[in-house]
Amino acid sequence: MDIIAQQNNINKLIHKLNSENPDTFNIELYLLIGDKYEYNIPDSALFFYNKALLLSQKIKNRETEARILNYIGIVYHNKTAYDKALEFYRKSLNIYEALSQSSDNSKAAIGKDGMSDCFNNIGLVYRGRGLYDKSIEYFQKSLKIRKELRNIKSLYECYNNIGLVLMEKGNYDKAIELYQKSLKICEEIDDKIGMSASNNNIGNIHLLQRNYQKSIEYYWKSYLVDEEAGNKKGMANFYVNIGIVYFYQSKLDKSIESFQKSYMLREEIGDKRGMSESCNNIGIILKNQGKYKEAADYYRKSAKICNEIGDKPGIAKITSNIAGLYMMLADSMKYEADKSMFYYTAVRYADTSLIIAREIGVLHEENDSYQILMFAWKSLGNMTKAFYYAEKYILTKDSLFNEEKTKAITEMEIRYETEKKEQQIKLLNNENELKASQLAMKEAETKKQKVIIFSVIMGLMISFIFTVVIFNRFRLIRRQRNVIRKQKAEVDEKNIIIEQKNKDITDSIRYAKKIQEAILISTEYCERHLPQHFIFLNQRILSVAIFTGYMLSLLVRVRLKAVPLIMLVTG
C-alpha cells in the first residue's frame, strides 16, 4: 500500500508539470519527483534531476544548479558509482565556491553552506573506497565551515562520519568520543534521526569491545527511533548489528534470520553496499554451521557486489572471510595433500586481504589476516613465518584491545553519563527555578490584577457618585433656571404694563399741552402788549402752581402798582 500511495503521489506531481508553468516551478516539481525515486528507482531519480538541471542552466540560476548537481552526485553515490558521484560533487563544489566569494552576504552564506555539504559528501566517497586519510581530510573541511556558520544541527553529521572512519581504523576511544559529542548535540536539538545514528555507532564500539549487553541497549535505542520515522536504512542496520550480537552469543539461527531481514530492507532501498554486507554476514554464520558450500555462495555474491561498486573495505573483509573458510576446509580434510592445498589457498586470500587492509589502513582487517596467516603457516610447518605473523597479530591486537584503550572508553562512557545526569539535574533545577519564578510572577500578576480590579471598581464607584452629583446639580440648576425664567417672565409682563401706563400718561400730558398751547396767548402778542411778563408752564404742578400763583398776585399788588397776572392751570 505504501508503494502504491507513493506512486500515486508521484503521478500527481507529474500531472502538474506543464510547459506553461514558470521554469522555477517546474524545476521544484522535477526535484520533488526525483526525491521520491531516489532510493527505490535511482535511474528515474536521475532522469528527473537532469530535467531540473537543464532548466536551471537555461534560466542561469547558479544556486539551484549547484544544489541539483549535488543531488545527482548523491544518487550515484547510493548506486556506489563513486567516480560519477565525485564528478558531480566537484561540479557542485565549484559553483558553491564561486558563490561564497559573492559580495552579497546571503549568497556568500549559501555558497559556504553548500561547500560544507559537498566536502562532507566527498569525504563519504573516499570512506566508501577505503581512503580513510582523504576521507577525514574532507570531513574536517566540512566541520570547519559548519563551525564558522554555527550550523549546530549539521555538526553531529561530521562528528559521526569522522568517528566511523576512526572506528574502522581501530581508533575506538577517539571514535566513541566523537559519537558522544554527536549524541549530545542531537539530544539538545531533539534530532531523532541523528540520535539514532549516534546510538547505533556507540553500540558498534561496544560490540567491537565484546560488551554485548551494552551494545544491544544502544541498538534498541536506535531502532525505536528508526521504526517511528520509517527509516528503512536505519532499521536494516539494526538487524545487521543484532545479527552480529546473536552470532557472538552462538544464537546462529536467530543471527541468520536477522541478516536476511537486513538484506531484504537494503534490497528495497537499493543499498548495494549494505546488501553485500548482509550476504557476507550470512556466509560467516553458514561457515560456522559447517555449511561450507552455502557459505561460499554467499561470499561470492558479496564479493561480486563489492567489485561492482569498488568497495575496498568490503573486498578486504570478504577476502579475509574466504581465507578463513579455506582454513576450516583444510582442517576438515583427511589427507595431508588436500590439507596443504587448502592452507595455501587460505594464505593466498589472506595475503590479498592484508595488502588491501594495509593500503586503506583498516587495522582490524589486518589483525584478522595476520591471525589466518599465523595458523596457516604453522599448519604448513613454516614456523619462521608463523612466528613473524604471530608477532604482527599480537601487536595489532594490542593496538585494538589494549587495557588503556578499554579503560579510556569506559571512562568516557562514565563521563558522558555523568555529564548527562548533571545536565538533567541542572535542567531540573532550572525547571524548578522557572516554576518558582513563574509562580512568583503568577502571584504578582494576581495581586496586580486584584489591584487593577479594585481600582476599576473604585473608579466606577467614584464615577457613579460623581455622575449622580452632577445629575442632581444639573436638575437643581435646571429647576433654578426655570424659576428665574418664570420670574423674568413676570417682571417682563409688569414692565410691559408699566410701559403701557407710562405711555398713556405721556400721551395724556402731550394732549393737555396741545390744549394749553391752543388756549395760551402767543408769545409774540405778549411781548408786544406786555413787555414785562413771563410764562411758567409745567403740566405736572397742580395745587402748588395754584398756590404759588395766588401768592405772587398778592405780592404784585403790594409792591407794584399794577402787574397783570395770568395763570392757567391745567391737568
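Because the structure is a prediction, the values reported are computed rather than measured. (Residues numbered from 1 in each chain as written. Predicted model: local features only at pLDDT ≥ 70, side-chain atom pairs only at ≥ 80, totals over all residues. Heavy atoms only, no water.)

**What to know about the overall build of the protein chain**
- Scanning the protein chain from N- to C-terminus turns up 22 helices and zero strands.
- Looking at the protein chain as a whole, 39% of its 571 residues are labelled buried.
- Restricting the contact set of the protein chain to residue pairs at least 6 apart, pairs at least 24 apart contribute 56%.
- Per element, the accessible surface of the protein chain, about 34,400 Å² overall, is 57% carbon and sulfur. (Helix = DSSP H or I, 4+ residues; strand = E, 2+ residues; numbered from the N terminus. Buried < 20%, exposed > 50% of the residue type's maximum accessible area, 1.4 Å probe, protein only. Contact = heavy atoms within 4.5 Å. Areas by Shrake-Rupley, 256 points an atom, 1.4 Å probe, with all protein chains shown as cover.)

**Regarding the packing of aromatic side chains**
- All told, the structure shown has 18 aromatic pairs when counted by the stated rule.
- Seen from their ring centres, Y370 and Y389 are 6.2 Å apart, and the 35 degrees between their planes marks the pair as tilted. Of the two residues, Y370 is situated in helix α18 (residues 363-379) and Y389 in helix α19 (residues 383-401); the sequence distance between them amounts to 19 residues.
- For Y389, a relative accessible area of 13% gives the class buried.
- Taken together, the ring pairs in this structure connect W220, Y223, F238 and Y239 into an aromatic cluster.
- A cation over an aromatic ring shows up here: K91 above the ring of F88, its NZ or CZ 5.0 Å from the ring centre.
- Above the plane of the ring of W377 lies K385, whose end atom (NZ or CZ) is 4.3 Å from the centre. (Phe/Tyr/Trp six-rings, centres within 6.5 Å; stacked < 30°, edge-to-face > 60°. Lys NZ or Arg CZ within 6 Å of the ring centre and 35° of its normal.)

**Observations concerning helix α12 (residues 232-248)**
- Along its 17 residues, α12 runs 25 Å from first to last C-alpha, staying within 8% of the 24 Å computed at 1.5 Å per residue.
- Taken as a whole, α12 has its buried residues at G234, M235, A236, F238, Y239, V240, N241, I242, G243, I244 and V245.
- Phi turns positive, to about 65 degrees, at S250, one or two residues after α12. (Expected span 1.5 Å × (residues − 1).)

**Some points on the nonpolar core**
- Membership of the largest hydrophobic core comes to 79 residues, with the highest contact counts inside it found for M167, Y179, I205, Y299, L373 and Y389.
- Counting residues in hydrophobic clusters, the runner-up holds 37 residues, among them L13, L31, L93 and I145. (Core = buried A, V, L, I, M, F, W, Y, C linked by side-chain atoms within 4.5 Å.)

**Here we look at the environment of E87**
- Checked against the element boundaries, E87 lands in helix α5 (residues 82-100).
- For the pair E87 and N70, spaced 17 residues apart in the sequence, the C-alpha separation amounts to 9.8 Å.

**Quick look at the environment of I269**
- Here I269 lies in helix α13 (residues 252-269).
- Put simply, I269 and E38 are 231 residues apart on the chain and 8.7 Å apart in space, counted from C-alpha to C-alpha.

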